[in-house]
Amino acid sequence: MIAALGLILRRELRLALRQAGESATVVLFFILAALLFPLGVGPSPATLARIAPGVLWATALLAAMLSFERLFQPDFEDGSLEQLALSPAPLEGLVLAKALAHWLTAAAPLIVAAPVLGVMLNLPAEGFVPLIAGMALGTPAISLIGAVGAALTLGARRGGVLLALLVIPLVIPVLIFGAAAVEAAIGGFPVRAHLTALGGISLGALVLGPWAAGAALRQALAE
Amino acid sequence: MIQRLANPARFNRLAGRTMPWLAWGAALCIGAALWLALAVSPADYQQGEAVRIMYVHVPAAWMALVAYAFVALASAGGLVWKHPLAHVAAQAAAPVGAAFTFLCLVTGSLWGKPMWGTWWVWDARLTSVLVLFFLYLGFIALTAAFDEPQRGERAAAILALVGVVNVPVIKFSVDWWNTLHQPASVMKMSGPAIHPSMLWPLLLMALGFTLYFGAVVLVRMKALLLARRARAMAMAQVHRAAPAAAEPGSAHG
Amino acid sequence: MDRMAEFLAMGNYGGYVWPTYILAAVILVGLAIQSRRWLRNEERAVRAMEAEAPHRRAAAASGSARGETAR
């Protein structure tokens, strides 16, 4: 069973790496969306420094929304999802592998891009470490919750928009604690509580996400 | 009792018998609550007459939560115990819950304008209710998003259960976010002790809303069951209209 | 008359109190009417279909009868 899981994970990573263009699209969207804010609110460094934590987190979440739709869709359409469901590994393991591959190919590039955008948005120097740490701790929850949304909307009409409608309310806590960690660091307050909360949310998503997404996949395949 | 309701014909009979009682009870309770709320109860010494908005706002907020709990319980009933009416109940209740949530949001805004000076404040309670509203909309959109209704109702049921786990986390994070961004200068909606003259219209209105919820959910469940039957019959007709040769099993004679 | 005007004014909060109650009435009554009308429509649709295919039960019971009722 473990061997089957390893095979699935290797397959997912290989597929994801072959589609490096998709990671690039997500990062490009992140950069463009974040660059709309200086153009919208004006280039004043003080204003930008004030809004940078929230802007970075919110636009990173929106960019992640773009990447969920393709999580199960190709495998569902060409029938390989059914094949994977028949393998000895449980569907929950497949979800975990998919979420991990998603995290490596979509979330990790966002984490790399975030500090660069932070510089451009005049994020104060104290904010960079909690920004990166918060994203590292919080994005697993986003990948896992996105996997649940992708599994639920598999085969739905207007799946992409629906997916965002379902997932955005569910990831609000990640946004709140992530942005608050950066703001706390800038204000000179301790950030450990926020980072603990982010890690806690990711742990909770790690326990419940595969289970919910697995159930959703099972009933999508039952049709 | 719940097991016996599994038969749709029996459910229809029972629903037909209880529906008028619920509807008349709701009308009576809401009527009495309106009279108490608008004519009898005194104005609040802090909020003045604007306190009368609370007699709609607070029961609507209760109903928003009660209806979500109902949707989640029914979804669990459908997924875990496979009760044939459970998904129908969840699907029937979600729009009613969304309506109460919307009412709660708009009345909160109408109360906020004279009290806070703006139509919308990112108050922890209003923000959580707004998120709850979007959870309802997601549930309704997901039930309608598939060509096979069974797929939609089961996906939506899983979403409802995910929401149940998530709602406390969202509530906690929003509360916490709120204390972070604005100190507790915001006036509390109700004091520590509610005077009985205010409690009665609140309780009666809440009871009336609950009865109304029950009545409308029963009507919508009946309509959903009939829609399902009409769909099945239409499918059967398509089958019959198709040439018999297409079905190897249905030889003539 | 004065008392009526005073009641409607709601201590200058009338512009907020009355819209609350009117909106509540519109939403609750509207939803009830919509639900009822939906039920009536479905009832009518099912009745029409049953009238169209009176041997529905018999047809469903045996596969061979299907071909007969289709004529």
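Residues numbered from 1 in each chain as written. Chains lettered and ligands numbered in written order. Predicted model: local features only at pLDDT ≥ 70, side-chain atom pairs only at ≥ 80, totals over all residues.

### Focus: the overall build of chain B
The condition is simple: What counts as a helix is a DSSP run of H or I of at least four residues, what counts as a strand is a run of E of at least two, and both are numbered from the N terminus. Three exposure classes are used. Buried residues have 20 or more other C-beta atoms within 10 Å of their own C-beta, exposed residues have 12 or fewer, and partly exposed residues fall in between, all C-beta atoms being placed from the backbone. Contact between residues is assigned whenever the C-beta positions, reconstructed from backbone atoms, fall within 7 Å.
A count of helical and extended segments in chain B gives 6 helices and 0 strands. Listed by position from the N terminus, the elements making up chain B come as α-α-α-α-α-α. In chain B, which comprises 253 residues, the share counted as buried stands at 47%. Counting only contacts in chain B whose residues sit at least 6 apart along the sequence, the fraction spanning at least 24 positions is 76%.

### Overview of the overall build of chain C
Counting its secondary structure elements, chain C contains 4 helices and 0 strands. Starting at the N terminus and walking to the C terminus, you meet the elements of chain C as α-α-α-α. Considering chain C as a whole, with its 71 residues, one finds that 14% of them fall into the buried category.

### Things to note about the interface of chain A and chain B
Selection rule: Residues were grouped as follows: Ala, Val, Leu, Ile, Met, Phe, Trp, Tyr, Cys and Pro as nonpolar; Asp, Glu, Lys and Arg as charged; and all remaining residues, including Gly, as polar.
Contact residues are listed per partner, giving 25 residues for chain A and 23 residues for chain B. Secondary structure elements with two or more residues in the side of chain A that touches chain B: α7 (128-152), α8 (159-170), α9 (172-187) and α10 (192-221) of chain A. At 7 residues, α10(A) tops the list of elements feeding residues into the side of chain A that touches chain B. Residue classes in the side of chain A that touches chain B are distributed as 19 nonpolar, 3 polar and 3 charged.

### What about the packing of helix α6 (residues 91-120) of chain A against α10(A)?
Residue and element names in this part refer to chain A. The test is simple: Angular values range over 0 to 180 degrees, each being the angle between N-to-C directions of two axes fitted as lines to C-alpha atoms, with helices fitted over their stretch in contact. What sets the label is the angle itself: under 35 degrees gives roughly parallel, over 145 gives roughly antiparallel, 65 to 115 gives roughly perpendicular, and the rest give oblique. By convention the crossing between two helices is left-handed if the near helix lies anticlockwise of the far one by an angle smaller than a right angle, and right-handed if it lies clockwise.
Relative to each other, α6 and α10 sit at 115°, their axes nearing to 8 Å. Relative to α10, the element α6 lies roughly perpendicular. Taken as a pair, α6 and α10 cross one another with a handedness that is right-handed. Within the contact between the two elements, α6 uses L91, E92, V95 and L96 and α10 uses P210, W211, A213, G214, L217 and R218. Residue composition of the contact of α6 with α10, grouped by class: 7 nonpolar, 1 polar and 2 charged.

### As for unusual backbone geometry
With a phi close to 60°, N122(A) is a non-glycine residue in the positive phi region. Look at N122(A) and you get partly exposed, because 17 C-beta atoms sit within 10 Å. Although it is not a glycine, K82(B) adopts a positive phi angle of roughly 55°. Inspection of the secondary structure puts K82(B) in the loop between α2 (54-80) and α3 (86-116).

### Side note on the packing of α9(A) against α10(A)
Each packed pair of helices is defined by two parameters, the angle between the axes and the distance between the axes. Residue and element names in this part refer to chain A. Put simply, α9 and α10 touch, their axes get as near as 9 Å, and they point 155° apart. When the interaxial angle is binned, α9 and α10 end up roughly antiparallel. As for how α9 packs across α10, the hand of that crossing is left-handed. Taken together, the residues of α10 that come into contact with α9 (itself represented by P173, V174, F177, G178, A180, A181 and A184) are H194, L195, A197, L198 and I201. The residue inventory of the contact of α9 with α10, partitioned by class, reads 10 nonpolar, 2 polar and no charged.

### Some words on the nonpolar core
Cut-off, in case you're wondering: The term nonpolar core refers to a group of buried residues, namely Ala, Val, Leu, Ile, Met, Phe, Trp, Tyr and Cys, whose C-beta atoms join them within 7 Å.
Ranked by internal contacts, the top residues of the largest apolar core, which has 173 residues, are A151(A), A216(A), V71(B), A93(B) and I158(B). Those residues in contact with A216(A) that sit more than four places away from it in its chain are V148(A), A151(A), L152(A), A155(B) and I158(B).

### Observations regarding α9(A)
Residue and element names in this part refer to chain A. Rules: Working rule for helices: expected span equals 1.5 Å times residues minus one.
The first and last C-alpha atoms of α9 sit 22 Å apart over 16 residues, in line with the 22 Å expected at 1.5 Å per residue. Of all 16 residues in α9, 14 are buried; the element is thus mostly enclosed. One or two positions beyond α9, positive phi appears at G188, with a value near 85°.

### Quick notes on the confidence of the model for chain C
Residues and elements named next belong to chain C. Where we set the bar: As a per-residue measure, pLDDT reflects the predictor's confidence and takes values from 0 up to 100.
Put simply, chain C has an average pLDDT of 75, and 72% of its residues get 70 or more. By mean pLDDT, helix α4 (residues 63-70) is the weakest element of chain C at 38, and helix α2 (residues 14-52) is the strongest at 91. In this model, residues 58-71 is a region of pLDDT below 50 whose contacts with residues beyond four sequence positions or in other chains number 22 contacts.

### Overview of the environment of F70(B)
Residues and elements named next belong to chain B. Mapped onto the secondary structure, F70 falls in helix α2. Judged by local crowding, F70 falls into the buried class, with 22 C-beta atoms found within 10 Å. Through-space distance from the C-alpha of F70 to that of A93 is 7.6 Å; in sequence the pair is 23 residues apart.

### Some details on the environment of L132(B)
Residue and element names in this part refer to chain B. Tracing the backbone shows L132 in helix α4 (residues 124-143). Distance from L132 to A98, taken between C-alpha atoms, is 8.6 Å for residues 34 residues apart in sequence. Not counting residues within four places of it along the chain, the set of residues in contact with L132 comprises A64, Y68, T101 and V167.

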